[in-house]
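Each chain, written out:
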Amino acid sequence: MAPLADTGPVIPAPADIPTPLPWHALDAAAVAERLDSPADGLGGTEAAARLARFGPNRLTPPKRRPAWMRFVAQFHNLLIYVLLVSGAVALLLRHWTDAGVILGVVLVNALIGYIQEDKAEQALEAIRNLLSPQAVALRDGHAVTLDAEALVPGDRVFLVSGDRVPADLRLDRTKGLLVQEAALTGESVSAVKSTAAVAADAALGDRSGMAYAGTMVVQGQGTGIVVAIGDATEVGRIGHLLASVAPVATPLLLSMARFGRWLTAGILLLAAVTVLFGMLVHGEPWQDMVLTAVGLAVAAIPEGLPAVMTITMAVGVTRMARRNAIIRHLPAVEMLGSVRTICTDKTGTLTRNELLVTAVVTADAGYRVGGSGYAPEGEIRREDRLADPAREPPLLDLARAALLCNDAALHREPGGEWLLAGDPTDGALLALAMKAGLDPAIEATRYPRRDALPFESERQYMATLHHDHAGHGILVVKGAPERVLALCGRERHGGGSAPLDRQRWAALTAELAGQGQRVLALAMRHAPVDLSELTDKDLAGDSEEAGLEFLGLCGLIDPPREEALVAVEACRRAGITVKMITGDHAATAAAIGRRFGLPDGVISGPELERLGEAGFAAAAEANSVFARTTPEHKLRLIAALQAAGDTVAMTGDGVNDAPALKRADIGVAMGRNGTEAAKEVAAMVLADDNFASIVHAVEEGRTVYDNLRKTILFMLPTNGAQAVVILLAVLSGTILPITPVQILWVNMVTAVTLGLALAFEAPESGVMARPPRPRDEPILVGRLVRRMVVVLALLVASSFGFFHFHRLQGDGIEEARTIAVNALVVGEIFFLLSARSLHGQTGDGTGPLSALAGSRPVWLSIALMAVLQLAFTYVPPMQLLFGTAGLGLTVWTAMIAAGAGLFVLMELEKRLPALRVPG
């Protein structure tokens, strides 16, 4: 045997994305010659030599960072650094409990991040597991079963129904071979395979002469020559794409990183000013001023913010789960609120992933067929009236032909759901026949089948032979209209038959196809009673009169989900653009796009391939429907939309979708029909595979982001007020109104009570009427910054004012400090009621009165806070620990009045014009 030519397939280095030869454009004989693949298979010695040269048929695992490095990397965040510093400060002050809580929050966050990253890495494992463990190959003239890893280029592999294709194969023999390629192409209908070569630039779904690794054989049999193994296969290329895609930082993480930088700079600046001013102006010892600066830092750092943010997002996760959206990565919760573009698959997401006959055309009339799914329930209407198939022989004959030339079965589950066993096209035709009043069991008894010709790509039709117990044979054919018409000489009419009008039927076929329907034709004729074996010659007949009689056409669609139609319209109102990316042909995709009201603009994968970067970016923005796309196209589409400033959600269910799901800001996988590779890499999984669930998740995402804003809006000015109280005391040279230990107490109890309550707030009215927020919008926009400054000033004035007023009245330092702390807390309680609304209305839309009424979590947190503050004020051990003293009723009344005044002023502030702050 000659050595394998160097022009054969090349196994690339793992870092490269392989670009295979266009094997689909070469005929099988040329492929066999190029790969030196003899008809009786490779010899054992040659196979061993090729295995040594090309390596085993498995996907190379990516290099992974050690576990300790992935864990340490979780601490690489400026906000985490601030928290670590605050923990160190607490240790310096010998507040062991506070230090433990702060450091514990940091460790828990790091552990959660580590676990999530580890789970995301499992996506590559899911792809590697797609390769078949065993294969049947021809070696030394004998069929042998061997480990799929032992396959080499040039091997000849046998395929039968139920096999997982073990490598990329160029098919050289097929018989009724159907392969389910949805994981690679996104198409729900099984691909009909042949040995024919196709154009070099044909989309993957159009390469009928190829069978790709990881796909499933659902019918028929065939053989193929191995042209690519391991990393060089299509599924291997997708694995490389997935490994090369870096995860995208969420808007919240980016905003928090900016916020952390500003917060750190501000705290350091305030601490430095405090030390220098105290030393230079008031002559205080540097040791005292450093400790004071430490207290200021402790006051300013919102230690509980990360924990509260995590809990807020976790609450959102729970709400979304109730609406069939399962969140896998917490930061994805808030990012849903900024989604500007949703790139969605068609099959199973916008549509039901079920075929349904919706149109029937006979020579006499056209019919509309109702119903849903494979349930044999629905009306057949002729124009504006209900059709009666028993009174319309052409319609009944077509329905009977659809039932007889059929290998599917429908059965009803105890719960009432109809399930299909067999091919979706056959299932749709069977449901049509049952809607026409035919019983499959009765028809099978009346017209038992003798023989059949299975559907093959070369013939493009299926034929069955039956007899009727009365000495008559019956031939029934279904298939592509052009092929069935070629076998026919006459057409069925109500009163008999007439010469076939080929031009009319061709026009009707084009009309149905233009509506995005898959069109099938049916025909039949009587056959000799002694005919027992069916051949292709039996269908043609000796003359036009002896040919088949054309019965009519059936138009099939994958019907849109009704709830998805509503959801797409809701997206439009919310300012969200919907783009459909599908493996279907352009005409079908355009028709479905029109059903959903998507703007005109359809472009196919091959057309995208010919565009430069600028043209590709323009096409991504201009078009709403993308047909016959590859994984690389999807990845580039997502990147182009992100480069234009969009926050992009991408739905998918196949292995081919995994790279784009990872690259998107929000990757959404299908829970029912999605592959494990897609689920593992996605940020969100839809339990019901329904587009409407994405829209519900966007609503919850916007609510979560609002609640995060409310939490930050609440915590920053309350922490800032404590710091400013200390700063004012230093600047004025007076005693501290609040001690560091009291500050830590307020920080700790407000974070776990008042701050946490805002995580449970319901959506504000009109949350889905607002446009998506800009991707680079800061967490705190101008009007919220103004609100923070106002409430900070009011809290400082209350705490500082009460402290100095009571000192002037002759009250002791412990009593005055107790009043200062409680005045601050009472002010925070009233500000919590106001912070429930960002836009002037709470979830029920009733404004300030509703804010005063509060929600159950708000009042529970206020009650808990009141109990803690009463203990802080009156319980002797707490008085000893924190240096507090009991207070009289008059003081409490004054503090509550001041808090109520703060609430009124904050509600008035919401009605002022928005303040625009640069950046």
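Structure: see above.
Residues numbered from 1 in each chain as written. Predicted model: local features only at pLDDT ≥ 70, side-chain atom pairs only at ≥ 80, totals over all residues. Heavy atoms only, no water.

Asker: Summarise the packing of helix 12 (residues 393-404) against helix 13 (residues 424-435); cite the residues concerned and give the values.
Answerer: Between helix 12 and helix 13, whose axes approach to 8 Å, the crossing angle comes to 140 degrees. Relative to helix 13, helix 12 is oriented oblique. Helix 13 is crossed by helix 12, and the crossing has left-handed handedness. When helix 12 is examined against helix 13, the residues Leu398, Ala399, Ala402 and Leu403 are found in contact with a partner set consisting of Leu429, Leu430, Leu432 and Ala433. Among the residues forming the contact of helix 12 with helix 13, the class breakdown is 8 nonpolar, no polar and no charged. (Axes fitted to C-alpha atoms, helices over the stretch in contact; angles between N-to-C directions. Helix = DSSP H or I, 4+ residues; strand = E, 2+ residues; numbered from the N terminus. Parallel < 35°, antiparallel > 145°, perpendicular 65-115°, else oblique. Left-handed = near helix turned anticlockwise from the far one by under 90°. Contact = heavy atoms within 4.5 Å. Nonpolar A, V, L, I, M, F, W, Y, C, P; charged D, E, K, R; others polar.)

Asker: I'd like a rundown of the environment of Arg352, residues and numbers included.
Answerer: Considering the arrangement of structural elements, one finds Arg352 in the loop between strand 9 (341-344) and strand 10 (356-361). Between the C-alpha atom of Arg352 and that of Ala564, which follows or precedes it by 212 residues, the distance is 9.7 Å. Ignoring sequence-local partners within four residues, the contact set of Arg352 consists of Ser372, Gly373, Asp558, Pro559, Pro560 and Arg561. Within the structure, Arg352 has its side chain in polar contact with the side chain of Glu354 (distance 3.3 Å). (Polar contact = N/O pair within 3.5 Å; in protein donor to acceptor, adjacent residues only side chain to side chain.)

Asker: Describe unusual backbone geometry, naming the residues involved and giving the relevant values.
Answerer: At Asn324, a residue that is not glycine, the phi angle is positive and equals roughly 70 degrees. Here Asn324 lies in the loop between helix 10 (305-322) and strand 8 (325-327). At Asp689, a residue that is not glycine, the phi angle is positive and equals roughly 55 degrees.

Asker: Summarise the pattern of salt bridges; cite the residues concerned and give the values.
Answerer: Using the criterion set out here, one finds 37 salt bridges in the structure. Residue Glu181 pairs with Lys193 through a salt bridge whose shortest N-O separation is 2.6 Å. You can see Glu181 sitting in the loop between strand 4 (168-180) and helix 6 (182-185) and its partner Lys193 sitting in the loop between strand 5 (191-192) and strand 6 (210-211), a full 12 residues away along the chain. With respect to burial, Glu181 and Lys193 carry one shared label: buried. Between Arg382 and Glu392 there is a salt bridge, and its shortest N-O distance comes to 3.2 Å. Taken together, the residues Arg382 in strand 12 (residues 380-382) and Glu392 in the loop between strand 13 (385-386) and helix 12 connect sequence positions 10 residues apart. What makes Arg382 partly exposed here is its relative accessible area of 22%. Given a relative accessible area of 8%, Glu392 falls into the buried group. Among the charged side chains, a network of salt bridges with common partners joins Asp397, Arg400, Glu443, Arg446, Arg492 and Glu549. (Salt bridge = Lys/Arg side-chain N within 4 Å of Asp/Glu carboxyl O. Buried < 20%, exposed > 50% of the residue type's maximum accessible area, 1.4 Å probe, protein only.)

Asker: Run through the side chain of Asp345, naming residues and quoting values.
Answerer: With respect to the secondary-structure elements, Asp345 resides in the loop between strand 9 and strand 10. The charged side chain of Asp345 is buried without a salt bridge, its nearest counter-charge being Lys634 at 5.7 Å. With near-sequence residues (within four places) excluded, Asp345 lies in contact with Leu350, Ile581, Thr582, Thr651 and Asp653. (Lys, Arg positive; Asp, Glu negative; His and termini not counted.)

Note that every value here comes from positions in space, so none of it alone points to a role or purpose.
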